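Letter by letter, the chains look like this.
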Amino acid sequence: MIFALVNPGWDFSGSIYFGCREPHFPLELGYSKALIERAGHSARIIDAHLEGLSPEETKKRVGELRPDFVVVTTAPGYLFWRCPQPELRVPKRLFAELADIPAIKVAVGPHASVTPSAALTKLGADVVVMGEPETVLPELAGGSLDKVKSICYRSGPVIRTQGGPRASDLTALPALRWPREYVRRRAHHHHRFCSNVSGCGAEVEASRGCPYSCTFCAKREFRNNYRKRPLPAVLDEIDGLIAEGVEYIYFIDEIFMPDRKLLESLSARRVKFGIQTRIDLWKPQMLELLGEAGCVSIEAGIESVSEAGRKHLGKKCAITTDELAFLLMTAKRGVNFVQATLLDSSMDDPEVVEAWRSLLISAGIWVNSPVPLFPYPGSEEYSRRWGEPDSNAWERAHEHYLAENGSFSDIQESAPLPLAELEGA
Ligand code: SF4
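Since we're looking at a predicted model, the values are computed, not measured. Note that residues are indexed from 1 along each chain, following the sequence as it is written. Only residues with pLDDT of at least 70 get local features here, since the model is predicted, and only at 80 or more are side-chain atom pairs given and counted; chain-wide, interface and lining totals rely on the full set of residues. In computing side-chain values, all of the structure's heavy atoms are included and hydrogens and water are not.

1. Concerning the overall build of the protein
Quick reminder of the rule: Strands are runs of DSSP state E lasting at least two residues, helices are runs of H or I lasting at least four, and both sets are numbered from the N terminus onward. Values of the radius of gyration come from C-alpha atoms, whereas the globule rule sets the reference at 2.2 Å times the count of residues to the power 0.38. When accessible area is computed with a 1.4 Å probe and restricted to protein chains, residues below 20% of their type maximum are described as buried, those above 50% as exposed, and intermediate ones as partly exposed. In what follows, a contact means two residues having at least one pair of non-hydrogen atoms within 4.5 Å. Exposure was quantified through the Shrake-Rupley algorithm and a 1.4 Å probe, taking into account, for residues, occlusion by the shown protein chains and nothing else.
A count of helices and strands for the protein gives 17 helices and 15 strands. Scaling as 2.2 N^0.38, a compact globule of 425 residues should have a C-alpha radius of gyration of about 22 Å, and the protein matches this with 21 Å. Dimensions along the principal axes, computed over C-alpha positions, put the protein at roughly 60 × 50 × 35 Å. Residues classed as buried in the protein amount to 58% of the 425 residues present. Sequence separation of 24 or more characterises 70% of the internal contacts of the protein that already satisfy a separation of 6 or more. For the protein, the accessible surface area stands at approximately 17,100 Å², while carbon and sulfur atoms represent 51% of it.

Here you go:
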């Protein structure tokens, strides 16, 4: 069987999406390709975002493969599954373009995982995968959809949902090898802010999932349970990237945990890296090691400057706001860029927020103005308000968000459009 694995050419105009718009490695497609090939089939990744392909050009490339399955992701890579664009405009447009290619059309991604039947219907797909797709896709090639768990699919006029969201066994995922010409096109260094950037950038994951349950976090249906990749596989992948000219790696791990062995291994390599983490999990000595290992960028979710606010958001943060500030400042001594992210929890006094921001900013730490919360379907925040996500969940959350927030953060479109308009319904 032949699989075409497609990352669409993303366009976020009119969207409330606040993630980075540059191309990143679609790791979910990379692992899927490896496991499909291991099962004796063939797979090719078409990264329309990286290559700047239009839907028509993407179709041409897909058609040349004569695939049995075409797989399209509904968010731009695992890095953004927890904060995807709510609208399915881009993948929907691509599925329409691919309609006359005689292959089974499959969608993977956060929308497919949280609201599978709505995603199936909106996209006009034949199958959607719920959860992490790497081990599900090779099973589709077995021929009997009724035996495959973690999918939603059309069976005549009926839509059938089988099993719950899949969580992959990370020990089964090999060290990824990306084609040389693909790596060489990657000039972007994700979340790195300095003037002397050189070499290619790449994304890697050392672990997946998170043991916490913050109310605003949409990870329940994918990348949920904390799992570590075997260190030899992670280092093998990193060494392969360095050999291809990569000088900067962004670890997409939900929370990059303090890990002495990994940090010491990175120290021995000529590579810089960035992470997202919870600063409350680090001790000063480990932060020192983090800087020595080559970390040049930290994004730490603080969310609220009050203990009551963090409690309200389910952060389960065991230290005080002053201790958080101390750890951020300690990190800043060895790491070039440190960011503390704040959300608008509606629990904090704006004057206290501004005073805290000023304190940290004067210490060289970037702190954003609190960003309004998008109640992602699949998050506790959504369920608190409206119960379990139904087929109208993304529309409901989007409508609420637009109604509640008159102004948007400096990293969002100032005039976002309603979801129905974006999706062209
Ligand atoms: S710490 Fe909270 S926001 Fe971060 S990944 Fe875990 S649950 Fe999500």
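Don't stop here, the text continues.
2. Re the site of the ligand
Here is the rule we go by: We define proximity as follows: a residue is near a molecule or strand when any one of its heavy atoms falls within 4 Å of that partner. For this scheme, ten residues count as nonpolar: Ala, Val, Leu, Ile, Met, Phe, Trp, Tyr, Cys and Pro. Four count as charged, namely Asp, Glu, Lys and Arg, and the remainder, Gly too, count as polar.
In the vicinity of the ligand, the contacting residues are Arg82, Cys210, Tyr212, Ser213, Cys214, Phe216, Cys217, Lys219, Glu254 and Arg278. Partitioning the shell around the ligand into residue classes produces five nonpolar, one polar and four charged.

3. Let's talk about helix α9 (residues 231-243)
What counts, and what does not: An expected span of 1.5 Å times one less than the residue number is assigned to each helix.
The terminal C-alpha atoms of α9 lie 18 Å apart, and with 13 residues this matches the ideal 18 Å at 1.5 Å per residue to within 8%. Buried within α9 are the following residues: Ala233, Val234, Leu235, Glu237, Ile238, Gly240 and Leu241. Tucked inside the fold, the buried residues of α9 contact α8 (180-184), β8 (200-204), β11 (246-251) and α10 (260-267). With its phi angle positive at about 105°, glycine 245 sits one or two positions after the end of α9.

4. Description of the side chain of glutamine 85
Here is the rule: Each polar contact in these results corresponds to two N or O atoms within 3.5 Å; when the atoms are within protein, one needs to be able to donate a hydrogen and the other to accept it, and residues that are neighboring in sequence are counted only if both atoms are side-chain atoms.
Within the secondary structure, glutamine 85 sits in the loop between β3 (69-73) and α4 (89-97). Judged by relative accessible area, which is 1%, glutamine 85 ranks as buried. One polar contact links the side chain of glutamine 85 to the main-chain carbonyl oxygen of threonine 74, over a distance of 2.9 Å. A distance of 3.1 Å separates a polar side-chain atom of glutamine 85 from the backbone oxygen of glutamate 87. Not counting residues within four places of it along the chain, the set of residues in contact with glutamine 85 comprises Trp10, Phe12, Ser15, Tyr17, Thr74, Ala75, Pro76 and His111.

5. Notes on the sheet that holds β8
Which entries qualify depends on this criterion: We treat two strands as partners when DSSP finds at least two bridges between them.
Here six strands make up an open sheet; going across it, the order is β8-β11-β12-β13-β14-β15 and the pairing parallel. Strand pairing shows two members of the sheet lacking a second neighbour, β8 and β15 (366-367), which therefore form its edges. In this structure, strand β13 (residues 295-303) lies alongside strand β14 (residues 337-342), joined through six bridges in parallel fashion. Bridge pairing in β14 links glutamate 303 to leucine 342.

6. Focus: unusual backbone geometry
Positive phi, close to 50°, is recorded for arginine 66, a residue that is not glycine. Positionally, arginine 66 belongs in the loop between α3 (55-65) and β3. Residues other than glycine seldom take positive phi values, yet arginine 223 does so here, at roughly 50°. Relative to the helices and strands, arginine 223 resides in the loop between β9 (207-208) and β10 (227-228). When its relative accessible area of 0% is taken as the criterion, arginine 223 is described as buried.

7. What about the environment of isoleucine 159?
Of note, isoleucine 159 is situated in strand β7 (residues 158-162). Once you skip the residues sitting within four places of it in the chain, isoleucine 159 turns out to touch Ser117, Leu120, Thr121, Cys152 and Tyr153.

8. Re the sheet that holds strand β1 (residues 2-7)
The criterion, for reference: Orientation is described by axes fitted as lines to C-alpha atoms, over the contacting stretch for helices, and by angles from 0 to 180 degrees between their N-to-C directions.
Pairing is mixed in the open sheet, where seven strands are placed in the order β2-β1-β3-β4-β5-β6-β7. Both edges of this open sheet fall to β2 (42-47) and β7, since each of them pairs with a single strand only. Mean inter-strand twist for the sheet, computed between neighbouring axes without regard to direction, equals 20°. Note that strand β6 (residues 151-155) and β7 share five bridges and pair antiparallel. Residue isoleucine 151 lies in a different strand from β7, and its bridge partner there is glutamine 162. Sheet strands in contact with helix α1 (residues 27-38) are β1, β2 and β3, and its direction is about 165° off that of β2. Packing against the sheet, α4 makes contact with β1, β3 and β4 (104-108), and its axis sits at approximately 160° to β3.

9. Points about the environment of aspartate 344
Structurally, aspartate 344 can be placed in the loop between β14 and α14 (350-362). Linking aspartate 344 and glutamate 87, residues 257 residues apart in sequence, is a C-alpha distance of 22 Å. Engagement of the side chain of aspartate 344 in a polar contact is seen with the backbone nitrogen of serine 346, the distance being 3.2 Å.

10. Looking at the packing of α9 against α10
Rule in force here: To sort the angles, those under 35 degrees are grouped as roughly parallel, those over 145 as roughly antiparallel, those from 65 to 115 as roughly perpendicular, and the leftovers as oblique. Each helix crossing is assigned a hand: it is left-handed if the near helix lies turned anticlockwise from the far helix by less than a right angle, otherwise right-handed if that turn is clockwise.
Here α9 crosses α10 at 25°, and the two axes come no closer than 11 Å. Between α9 and α10, the interaxial angle falls into the category roughly parallel. Once α9 is placed against α10, the crossing between them reads as right-handed. Seen from α9, the contacting residues are Leu231, Val234, Leu235 and Ile238; seen from α10, they are Lys261, Leu262, Ser265 and Leu266. Of the residues belonging to the contact of α9 with α10, the class tally is six nonpolar, one polar and one charged.

11. A short note on the nonpolar core
Under the convention used in this document: Side-chain atoms within 4.5 Å are what join buried Ala, Val, Leu, Ile, Met, Phe, Trp, Tyr and Cys residues into a set we call a nonpolar core.
Core analysis: the largest hydrophobic core is formed by 101 residues, its most contacted members being Leu137, Phe251, Leu263, Phe273, Leu290, Leu328 and Trp356. When near neighbours in sequence (up to four residues on either side) are disregarded, leucine 290 contacts Phe256, Leu263, Phe273, Ile275, Trp282, Cys295 and Ile298. Membership of the second largest hydrophobic core comes to 22 residues, among which are Ala4, Val62, Leu65 and Ala112.

12. Observations concerning the pattern of salt bridges
To be explicit about the condition: The rule for a salt bridge is simple: a side-chain nitrogen of Lys or Arg has to be within 4 Å of a carboxyl oxygen of Asp or Glu.
Tallied over the entire structure, the rule returns 32 salt bridges. Put simply, glutamate 205 and arginine 208 hold a salt bridge, and the shortest N to O gap is 2.6 Å. With respect to class, glutamate 205 is no different from arginine 208; both count as buried. Through salt bridges with shared partners, a single ionic network connects Arg82, Glu132, Glu134, Glu205, Arg208, Arg223, Arg227 and Glu254.

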